[in-house]
Amino acid sequence: MRAVVVETPGELEQLKLTQNVEMPTVGENDVLVRIAYAGLNFMEVLIRRGDYLRNPKYPLILGSEASGIVEQVGANVKDFKPGDRVAVLSGDRGCYAEYVCVDETHVVPIPAEMELRTAAAYPLQVLTAWGILFASARIREGDWVLVHACAGGVGLALVQMARIAGCQVIGTTSSEDKAALAREMGCHHVINYTQQDFGREVRKIVPEGVNIICDSVGKVNVIGNLRSIANFGLIVVFGYASGEPKYDEKLLWGRSCGITMNGLYHLVPHRTEFNRAVRETTQWILEGRLNLHIGQEYDLADVQEAHRQLEGRQSQGKLLLRINSELK
Ligand SMILES: NC(=O)c1ccc[n+]([C@@H]2O[C@H](COP(=O)([O-])OP(=O)(O)OC[C@H]3O[C@@H](n4cnc5c(N)ncnc54)[C@H](OP(=O)(O)O)[C@@H]3O)[C@@H](O)[C@H]2O)c1
C-alpha cells in the first residue's frame with residue numbers, strides 16, 4: 001500500500017510518500033479500514049518533528065485519524081463488519097496510508113447521512129473539544145469561555161460547542177482573516193493577540209474574568225491566562241504549540257482557580273461518556289449546529305505542503321488528505 005513514512009524525526013522532507021509499504025496485520029480485536037480521507041492534526045507536526053510529549057517509536061506511518069470503509073475484522077469484533085462506513089482514531093500513527101488497522105474501541109460509527117469527507121474531519125478534534133468542555137470543565141450555561149487558537153480545528157469545535165452549551169465565548173487568534181472566520185462560526189468576541197494583550201482585553205470584555213480557559217498554546221499564554229481567569233475558574237491545557245506551560249501554585253491560589261490537563265485517549269475507555277460524546281456531536285453535525293469547517297484538501301503526495309501550512313499557522317479549520325476519495 002502507499003503510505004507517508006517518517007523514518008526519523010525532523011523537518012518537512014522527513015515526510016516520505018512510500019510505495020509498497022507492508023499492509024497492517026489484523027489482530028483478534030482489530031478492524032482494518034480502507035481509508036477515504038485522513039484528517040490532519042497539529043499533533044502530527046509535533047510527532048514529525050520529534051517534539052511529541054509521549055515519545056513514539058520511529059520509523060512510523062504518520063496520521064492519527066481517518067474515515068473509510070471497513071475491509072476486514074478480527075475474530076472477536078462484534079460491532080463492525082466489512083462494508084461499514086466509519087471514522088477511526090489511531091493514536092500516534094497509521095492514517096496517512098491506504099489502510100489502517102485499529103482496536104475496535106477506536107472505531108467510530110458514522111451516520112448514513114454523513115459524507116466520508118466530513119467524517120475524516122470529525123473524530124479527533126470534535127471529540128477532544130467535547131472532552132475538554134463536558135468531561136474536564138463541566139461547562140454550565142452562562143459560563144464565559146476563552147478559547148485560544150479559536151480558528152483552528154479544535155478551536156472552532158470548542159467555540160461552537162460552548163455556544164451550544166449556552167455560553168459566551170471569547171477567542172484569540174493571530175490574524176484578521178482567522179478572526180473573521182471565528183466570528184462567522186459564532187465566537188462572540190475575538191482578540192488578535194499579535195496586536196493586543198489578550199489578558200487585558202478579556203478583562204475589558206468581562207471584568208470578573210472567564211470561567212473556563214481552553215488552551216492548546218501553552219507556555220506563552222501563562223501570564224495572560226492568569227490575568228483572564230475568574231475566581232474559581234478552570235484552565236484546561238490540552239496542547240503546547242509554544243512549549244510546555246509552567247504555572248506557579250501561589251498565583252493559582254491567588255484566584256482560587258484550577259488547572260487541569262485533557263487528553264482524548266483518556267475519554268476513549270470510558271465507554272458511557274465516549275458514546276455520549278459521539279451521539280451528541282454527530283447529532284449536532286447533522287442538525288447543522290456544529291459545522292466542521294474544512295479549510296483545505298491535499299493529495300497524499302502533497303503532504304509536505306499541508307504540514308507547512310499547519311506548522312506555519314496558516315491553516316484555518318480542518319485540513320484533509322485525499323487518499324481513496326472515490327469511496328462513498
Ligand atoms: N489533548 C488532546 O487530546 C489533543 C487532541 C487534539 C489536539 N490537541 C492539541 O490541540 C491543538 C490544536 O490542534 P489542531 O490540530 O486543531 O491545530 P490548529 O489549532 O488547527 O493549528 C494550530 C494553531 O495553534 C496556534 N499556534 C499558537 N502558537 C503556535 C506556534 N508556536 N506554532 C504553531 N501554531 C501555534 C495557531 O493558531 P493562531 O494563529 O490562531 O494562534 C495555529 O494555527 C494542538 O496543540 C494539538 O496538539 C490535543
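Residues numbered from 1 in each chain as written. Predicted model: local features only at pLDDT ≥ 70, side-chain atom pairs only at ≥ 80, totals over all residues.

A. Up close: helix H3 (residues 123–136). Counted residue by residue, H3 has 12 buried out of 14 residues, so it is predominantly covered. Listing the buried residues of H3 in full gives Pro123, Leu124, Gln125, Val126, Leu127, Thr128, Ala129, Trp130, Gly131, Ile132, Leu133 and Ser136. Just downstream of H3 lies Arg138, where phi reads positive at about 45°. (Buried ≥ 20, exposed ≤ 12 C-beta atoms within 10 Å, placed from the backbone. Helix = DSSP H or I, 4+ residues; strand = E, 2+ residues; numbered from the N terminus.)

B. Representation of the sheet that holds strand S13 (residues 229–237) in the model. Ordered in space as S11-S10-S9-S12-S13-S14, the six strands form an open sheet in which the pairing is parallel. Strand pairing shows two members of the sheet lacking a second neighbour, strand S11 (189–192) and strand S14 (258–261), which therefore form its edges. Across this sheet, the average inter-strand angle for adjacent strands is 20°, counted without regard to direction. The pairing of strand S9 (residues 144–147) with strand S12 (residues 210–215) spans three bridges and is parallel. (Pairing = 2+ DSSP bridges. Axes fitted to C-alpha atoms, helices over the stretch in contact; angles between N-to-C directions.)

C. How the structure looks around the domain arrangement of the protein chain. With domains assigned, the protein chain is organised as domain 1 (3–122 + 292–322) and domain 2 (125–265). The C-alpha-based centres of domain 1 and domain 2 are spaced at 27 Å. Counting residues at the interface gives eight residues for domain 1, matched by 11 residues for domain 2. Of the residues belonging to the side of domain 1 that touches domain 2, the class tally is two nonpolar, four polar and two charged. (Domains from an automatic or database assignment. Contact = placed C-beta atoms within 7 Å. Nonpolar A, V, L, I, M, F, W, Y, C, P; charged D, E, K, R; others polar.)

D. Structural context of the packing of helix H1 (residues 42–49) against helix H10 (residues 303–311). Contact pair H1 / H10: the axes reach a minimum separation of 10 Å and the direction vectors enclose 105°. As far as their axial angle goes, H10 and H1 are roughly perpendicular. Together, Phe42, Val45 and Arg48 of H1 and His307, Leu310 and Glu311 of H10 make up the contact between the two elements. When grouped by side-chain class, the residues that make up the contact of H1 with H10 number three nonpolar, one polar and two charged. (Parallel < 35°, antiparallel > 145°, perpendicular 65-115°, else oblique.)

E. Representation of helix H4 (residues 153–164) within the structure. Taking 1.5 Å per residue as the helical rise, H4 with its 12 residues ought to reach 16 Å, and the 17 Å between its terminal C-alpha atoms agrees with that figure. Among the 12 residues of H4, 10 are classified as buried, and the element is accordingly described as predominantly covered. Looking only at H4, the buried set comprises Gly153, Val154, Gly155, Leu156, Ala157, Leu158, Val159, Gln160, Met161 and Ala162. Buried residues belonging to H4 abut H3, S9, strand S10 (168–173), helix H5 (176–184), S12 and strand S16 (318–322). Positive phi appears at Gly166, one or two residues downstream of H4, with a value of about 85°. (Expected span 1.5 Å × (residues − 1).)

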